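Listed below are the residues making up each chain.
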Amino acid sequence: MLARAHTFTIEGLQPRHVTVEVDVRAGLPAFTIVGLADAAVRERVRSAILNCGYEFPGRRITASLAPGDVPKAGVALDLALACAVLAGGGQIPRSLLDGHVLFGELALDGELRPCRGTLAVAEATRRDRLGKLVVAGACAREAELVDGLDVAIADSLSSAVRVLGGGEQDVARVETGGVAKRCAAAAPDLHEVRGQDHAVRALVIAAAGGHNCLLSGPPGTGKTMLAQRIVSILPPLSRAEAIEVTRIRGIVETTTGGLVSERPWRAPHHSITTAGLIGGARRDSIGEVALAHNGVLFLDELSEFARPVLEALRQPLEDGRVAIARAGHSTIYPSRFMLLAATNPCPCGYAGVVERCRCGEAELARHRRRLSGPLLDRIDLLAQLDLDGAHDRTTPAPISSSQARELVAGARERQVARLRGAGVSLNAHMDAGLLRHHVSLDERGEQMLRAAGERGLLSARGRDRVLRVARTIADLNGSHSVRPRDLGSALALRGDGGLGGKRAA
Amino acid sequence: MNGEPGAAAHSACAQCLRRSWLVAQLSGPLDCNCRADGRLVDLLALPDEQLIEALAGRRRIELRQRYARFTPEQLRGVDGIAQVCMHDPGYPPALHGSGAPATLFASCDPQRLSRVTARPVVALVGTARATDYGAEMARALGRGLAASGVTVAGELVGGIAQAAHEGASETGTSLAVLAGGMDVAPPAARRSLLGRIERDGAAVSESPSTTPRRQWNAAAAARIVAGLAEVTVAVEAEDSARELAGATVARALGRTVGAVPGRVTSRASRGCHALLRDGAVLIRGAGDVLDLLYGVERAHEQPHAVRDRLEPRLRSVLERVGAGLDTPQKLTAGAARPAELLQALSELELLGLLARGAGGRYVPCDAIDARV
């Protein structure tokens, strides 16, 4: 007898509909699965069926997973396969399987376990109008984020069968320690940063306009400390952004505990590989850039990262997405993030302090070469930290996170209002055409830009970056036009300003 | 035996070429002796026979035989490299004296070399690890001196010498003294600089062509640079024999030595301050050097075209940067309106009065239109 069940497998970020067909015929007992599934599926399904008190059909069972040419990684097919086997063996009516999507992993005792990618699957179920989604209790809150989707919770194979028959669903267990909670718990505050007012101001500007920002300073001056606090001054995620973040997070972590409300903050170690950063190491692996989507990607010790890894950041920074092509498949990941990088000004870190800097000219040149180039071309702002400031324990902090958050939110509101209909909402994402339209300089400002060009301080691309930052500074000041003062500050903060290489007395 | 006219590339006499060959043969022992103060200069002043006696060790007998068999053809391999020996009229007169190399190998023709050395020559010497201030001073001095028709001499190494050559090749001629043979490629970082120097100026070396750079060459080049120059200016040097080598040789030769002061707390300028204390002439700019060469003509606090017309707010920021508040953090600490300070910094940078140095620090520098 033939039974058919529906489920999904995750390919990159995309859920892919899989039809599980099971044919149970007379013959020598055998259980054959065709269609490129993981080998272990068979054993889990057999044990779960037996341990739940059902009978495993002692006949010839053939299961086919369609489309047959797509490898189906992951364990989420278990529930659909088990139910199809039961229906094929006549233990439950075949018609029950229609109008249900079964998504979950089975334990050997028949318990239903949460699977990665629930939100994406829930959205696809709703989109394709496949009916009710049956998932484990732990990922129910994630599935329920999709409006108008019927979600049923089952804790085991037998409850799933009961739900299929129209019976009572299980009660969702409240998950504690989900990602959302973890983030909210220990968000450090900006008022703990003392003596680095200049860098703090630069960071607020970066947050307000979504600009990529480089933190530069000697070791121990608080680059990492400052960077960690940027999350606390960014505005909360909008619902649409939060859904995107949850979807991506849900594919990496089994349970996200519902909607993720905090901005993503990713800080990979500098030994990361290109595949780790961009994605595509295994068929379905997601890179750090996608995980940082709508959030912040922090690269500490920027000069220690391998050159090819940094080069690979160009597309995501430019397009806000990254296309991975591997043999047999290609995937597009969204990756619109704010890049925050930290570096020492020279290999020893004390460039400019004669008594301490031990770097030779060649070392400085090498350091400069590593940093400069295409990546630095996309960094709008330089936040410079100072050695003397690091010892300052008495001056009060210039601003607390909540004050900064208000400033940032105000500036972002003005940006959104101005850029309405342009397809972007942040100054950092304005292209040359939008820049011309939204940034008008007075005579004095034009003159400053011309002078900067003539002195060789600004390239054409650098000019655009300075204008974007100037626009953000004006937005922070609540100014409608970009005044020379805003432009002057933007010039002083420009991203390539920190790359002078010689010793300073 | 003077060179015949027309045979520019092969004009050195056999005796001088043999001396250059011998010195190159003794590179190993010379390397061993180049660390001790002044010993290298003394060794290189010895006559041939004593040099072999002093340095050749067990190779003494073999080297004497090869020395006796030497023919000038052994050094005549490469086209386009002129050999100017001390008996040649084109040999820089200032070099006649103790310890000067017998033969100079030059990448230009000897006429050019004598033209370049016929002008007053000023050597700019100092550390290979220059601070932004030192490099900026060297560049300004090189630029100003070259613009006034002076030949700027220096080694072809990083730091002060490089900055001096860069400045000088913008406005006039400079003379580079290379370590190693003329056809041995200089370090990649200074290859294009050498090209610019050779366009108007000249590059010379005491090593025969194809001789690789050796450790002793660097110390020996300092004595040629100082020997060529009428005035030697230490722009920035720590208080070490190596960084003061040029000034020491110049003083030993009885030439005028000048030094550019730095901040007294800065280790990078300690050597210069030691020279000043011992009687070196204080050099504040190209004008001071020209005064040394040609005598004092006029009071020379020249008006600075840009700086003197600065608005007070910009001037005060510039002065504070000059006083050591060189990072935005230091400058804006406690400022009521940090944005205005940043704007002032940008404006000064646009005027060319400030530049960004190591780690993004601000360095005061002379505007381009304030030459000499």
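Residues numbered from 1 in each chain as written. Chains lettered and ligands numbered in written order. Predicted model: local features only at pLDDT ≥ 70, side-chain atom pairs only at ≥ 80, totals over all residues. Heavy atoms only, no water.

### Thoughts on the sheet that holds strand E1 (residues 82-85) of chain B
Residues and elements named next belong to chain B. With mixed pairing, 9 strands are arranged side by side in an open sheet as E1-E2-E6-E5-E4-E3-E7-E8-E9. Every interior strand has two partners, whereas the edge strands, E1 and strand E9 (281-282), have only one. Sheet topology note: the strand E3 (residues 121-126)/strand E7 (residues 231-236) ladder contains 5 bridges and is parallel. Residue Val125 lies in a different strand from E7, and its bridge partner there is Ala234. Contacts from helix H7 (residues 132-147) reach E3, strand E4 (151-155) and E7 within the one sheet, and its direction differs from that of E7 by about 150 degrees. (Pairing = 2+ DSSP bridges. Helix = DSSP H or I, 4+ residues; strand = E, 2+ residues; numbered from the N terminus. Contact = heavy atoms within 4.5 Å. Axes fitted to C-alpha atoms, helices over the stretch in contact; angles between N-to-C directions.)

### Describing the pattern of salt bridges
Residue and element names in this part refer to chain B. Evaluation of the coordinates by the stated rule reveals 38 salt bridges over all chains. Between Glu311 and Arg313 there is a salt bridge, with its nearest N and O atoms 3.0 Å apart. Given a relative accessible area of 41%, Glu311 falls into the partly exposed group. (Salt bridge = Lys/Arg side-chain N within 4 Å of Asp/Glu carboxyl O. Buried < 20%, exposed > 50% of the residue type's maximum accessible area, 1.4 Å probe, protein only.)

### A few points about the environment of Ala237 of chain B
Inspection of the secondary structure assignment puts Ala237 of chain B in the loop between E7 and helix H11 (245-252). Once the C-alpha coordinates of Ala237 of chain B and Gly262 of chain B are considered, the two residues, 25 residues apart in sequence, prove to be 9.7 Å apart.

### A short note on a positive patch on the surface
Together, Arg366, Arg368, Arg369 and Arg370 of chain A make up a region of like positive charge exposed at the surface. Examined against the element boundaries, Arg369 of chain A turns out to sit in helix H15 (residues 361-371). (Patch = residues over 30% accessible without salt bridge, like charges linked within 9 Å, V, L, I, M, F, W, Y side chains within 5 Å. Areas by Shrake-Rupley, 256 points an atom, 1.4 Å probe, with all protein chains shown as cover. Lys, Arg positive; Asp, Glu negative; His and termini not counted. Charge placed at Lys NZ, Arg CZ, Asp CG, Glu CD.)

### Regarding the packing of aromatic side chains
One pass over the full model with this rule turns up 3 aromatic pairs over all chains. One cation-aromatic arrangement involves Arg46 of chain A over Phe56 of chain A; the distance from NZ or CZ to the ring centre is 5.1 Å. The positively charged end of Arg18 of chain B is found above the aromatic ring belonging to Tyr67 of chain B, 4.5 Å away from the centroid. (Phe/Tyr/Trp six-rings, centres within 6.5 Å; stacked < 30°, edge-to-face > 60°. Lys NZ or Arg CZ within 6 Å of the ring centre and 35° of its normal.)

### Structural notes on unusual backbone geometry
Residue and element names in this part refer to chain A. A cis amide bond, omega -5 degrees, links Ala66 with the succeeding residue Pro67. Here Leu36, not a glycine, exhibits a phi torsion of approximately 60 degrees, which is positive. With respect to the helices and strands, Leu36 occurs in the loop between strand E3 (30-34) and helix H1 (41-51).

### Overview of the side chain of Gln384 of chain A
You can see Gln384 of chain A is positioned in strand E16 (residues 381-384). By relative accessible area, which is 5% here, Gln384 of chain A ends up buried. Separated by 3.5 Å, the side chains of Gln384 of chain A and Arg356 of chain B make a polar contact. Gln384 of chain A has contacts with His198, Ala199 and Ser216 of chain A together with Thr327, Pro328, Arg356, Gly359, Gly360 and Arg361 of chain B, leaving out every residue within four places of it along the chain. (Polar contact = N/O pair within 3.5 Å; in protein donor to acceptor, adjacent residues only side chain to side chain.)

### Quick look at the interface of chain B and chain A
Put simply, an interface is often sized by how much accessible area is lost when its parts join up. The interface of chain B with chain A comprises 44 residues on the first partner and 43 residues on the second. A per-residue breakdown of the area chain B buries against chain A is headed by Arg129, Gln329 and Leu350 of chain B, which together make up 21% of the total. In this assembly, chain B and chain A are joined by 3 salt bridges. The partner of Arg485 of chain A in a salt bridge is Glu340 of chain B, and the shortest N-O contact between them spans 3.7 Å. At the junction of chain B and chain A, the tally comes to 14 residue pairs in polar contact (both at pLDDT 80 or more). Elements supplying a minimum of two residues to the side of chain B that touches chain A: H7, helix H15 (328-332) and helix H16 (338-350) of chain B. No other element matches the 9 residues that H16 of chain B contributes to the side of chain B that touches chain A. In the side of chain B that touches chain A, the residues fall into 13 nonpolar, 16 polar and 15 charged. (Buried area = accessible area lost by both parts, 1.4 Å probe. Nonpolar A, V, L, I, M, F, W, Y, C, P; charged D, E, K, R; others polar.)

### As for the side chain of Thr472 of chain A
Among the secondary structure elements, Thr472 of chain A is positioned in helix H19 (residues 460-476). Aside from chain neighbours lying at most four places away, what touches Thr472 of chain A is Ile205, Ala208, Gly209, His211, Gln415 and Asn427 of chain A.

### Quick notes on the sheet that holds strand E15 (residues 338-343) of chain A
All names here are of chain A. Strand order across the open sheet formed by 5 strands is E11-E12-E15-E10-E16, with parallel pairing between neighbours. The open sheet is flanked by strand E11 (265-266) and E16, the only strands paired with a single partner. Pairing analysis gives 4 bridges linking strand E10 (residues 213-216) to E15, with the strands arranged parallel. For Cys213, the partnering residue across the bridge sits in E15 and is Leu340. Against the sheet, helix H7 (residues 197-209) touches E10, E15 and E16, its axis set at about 155 degrees to E16.

### A word on the confidence of the model for chain B
Residues and elements named next belong to chain B. Model confidence for chain B is summarised by a mean pLDDT of 84, while 91% of its residues fall at 70 or above. The weakest mean pLDDT in chain B belongs to strand E11 (residues 362-364) at 82; the strongest belongs to E7 at 95. Here residues 1-9 is a poorly scored stretch, pLDDT under 50, and it has 12 contacts once near neighbours within four places are set aside; other chains count. The low-confidence segment residues 367-372, where pLDDT is below 50, has 18 contacts with residues more than four positions distant or belonging to other chains. Here the predicted complex scores 0.74 on pTM and 0.77 on ipTM. (pLDDT = per-residue confidence, 0-100.)

### Describing the packing of H7 of chain B against helix H8 (residues 160-171) of chain B
All names here are of chain B. Where H7 meets H8, the closest approach of the two axes is 7 Å, and the angle between their N-to-C directions is 35 degrees. Crossing angle aside, the handedness with which H7 passes H8 is right-handed. Touching Gly134, Ala135, Ala138, Arg139, Gly142, Arg143, Ala146 and Ala147 of H7 are Ile160, Ala163, Ala164, Glu166, Gly167, Ala168, Glu170 and Thr171, all from H8. Taken together, the residues that form the contact of H7 with H8 break down as 8 nonpolar, 4 polar and 4 charged. (Left-handed = near helix turned anticlockwise from the far one by under 90°.)

### Overview of the confidence of the model for chain A
Residues and elements named next belong to chain A. Of all residues in chain A, 93% attain a pLDDT of 70 or more, and the chain-wide mean is 85. Ignoring residues within four places in sequence, the model shows residues 176-185, a span with pLDDT below 50, making 15 contacts including any to other chains. Predicted confidence for residues 500-505 stays below pLDDT 50, and this span has 38 contacts to residues more than four positions away or in other chains.

### Looking at the packing of helix H14 (residues 312-322) of chain B against H16 of chain B
Residues and elements named next belong to chain B. In contact at an axis separation of 10 Å, H14 and H16 are set at 85 degrees when each is read in the N-to-C sense. If you check the angle between H14 and H16, you find them roughly perpendicular. Contacts from Arg313, Leu314, Val317, Leu318, Arg320 and Val321 in H14 reach Leu341, Ala344, Leu345, Glu347 and Leu348 in H16. Within the contact of H14 with H16, the residues separate by chemical class into 8 nonpolar, no polar and 3 charged. (Parallel < 35°, antiparallel > 145°, perpendicular 65-115°, else oblique.)

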